[in-house]
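As a plain string of letters, each chain reads:
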Amino acid sequence: MFWSGNKLQSKKKSLVPSHPDTAIDCASLVLTIGTEVYITPNSENDIKVKKTLTVEEPQFIIPKGQFALLITEEEVHVPYQNIAFISFMSFVALTDAAS
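How each quantity is defined
- Residues numbered from 1 in each chain as written.
- Predicted model: local features only at pLDDT ≥ 70, side-chain atom pairs only at ≥ 80, totals over all residues.
- Heavy atoms only, no water.
- 1 Å grid on protein atoms, 1.4 Å probe; cavity = no way out; pocket = protein on both sides within 12 Å on 5 of 7 lines; lining within 4 Å.
- Points joined across faces, edges and corners; volume = space filled by probe spheres on them.
- Helix = DSSP H or I, 4+ residues; strand = E, 2+ residues; numbered from the N terminus.
- Patch = residues over 30% accessible without salt bridge, like charges linked within 9 Å, V, L, I, M, F, W, Y side chains within 5 Å.
- Areas by Shrake-Rupley, 256 points an atom, 1.4 Å probe, with all protein chains shown as cover.
- Salt bridge = Lys/Arg side-chain N within 4 Å of Asp/Glu carboxyl O.
- Buried < 20%, exposed > 50% of the residue type's maximum accessible area, 1.4 Å probe, protein only.
- Pairing = 2+ DSSP bridges.
- Axes fitted to C-alpha atoms, helices over the stretch in contact; angles between N-to-C directions.

Asker: I'm lost on the layout of surface pockets in this one. Help?
Answerer: Left-over empty space is what a probe sized like a water molecule reveals as it rolls over the atoms. Here the largest pocket defines a volume of roughly 1800 Å³. Only helix H1 (5-15), strand S2 (28-30) and strand S5 (68-72) provide two or more residues apiece to the lining of the largest pocket. It is S5 that provides the largest number of residues to the lining of the largest pocket, a total of 5 residues. The calculated volume of the second largest pocket comes to roughly 150 Å³. Along its surface, the second largest pocket is lined by Ile39, Thr40, Pro41, Asn42, Asp46, Lys48, Val49, Lys50, Lys51, Phe60, Ile61 and Pro63.

Following this line, the structure appears as structure tokens:
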């Protein structure tokens, strides 16, 4: 059975003890990508696996067919009698180039 947003809220302090401001969206913890992303190489010539995210370059691309290890800012503590389902979504912020 999935935990409700109310149950997550009541357990949040023990789930993410070092980030008490972690948001809850419906029945999900909203986690933040950290500053490092590790993406499997696209070819034998592609040796760059680690990508460091910066203010100037805050985005990354996972090429089709590749895997990535995404490290969050938060450390999540899942009780031993429970399991956690992790999924992520991405979005592209469109900006008006004319402004």
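Asker: What is the right way to look at a nonpolar patch on the surface in this model?
Answerer: A cluster of nonpolar side chains, namely Leu31, Val76 and Val78, defines an oily patch on the protein surface of about 200 Å² accessible area. Inspection of the secondary structure puts Val78 in the segment after S5. Classification of Val78 as partly exposed rests on a relative accessible area of 38%.

Asker: What is the right way to look at the sheet that holds strand S3 (residues 33-39) in this model?
Answerer: Hydrogen bonding along the main chain pairs the strands of a sheet, whether they run parallel or antiparallel. Taken together, 3 strands build an open sheet; the order of strands is S4-S3-S5 and the sheet is antiparallel. For this open sheet the edge positions go to strand S4 (50-52) and S5, each flanked by a neighbour on one side alone. If you compare each strand with its neighbour and ignore which way they point, the axes differ by 20° on average.

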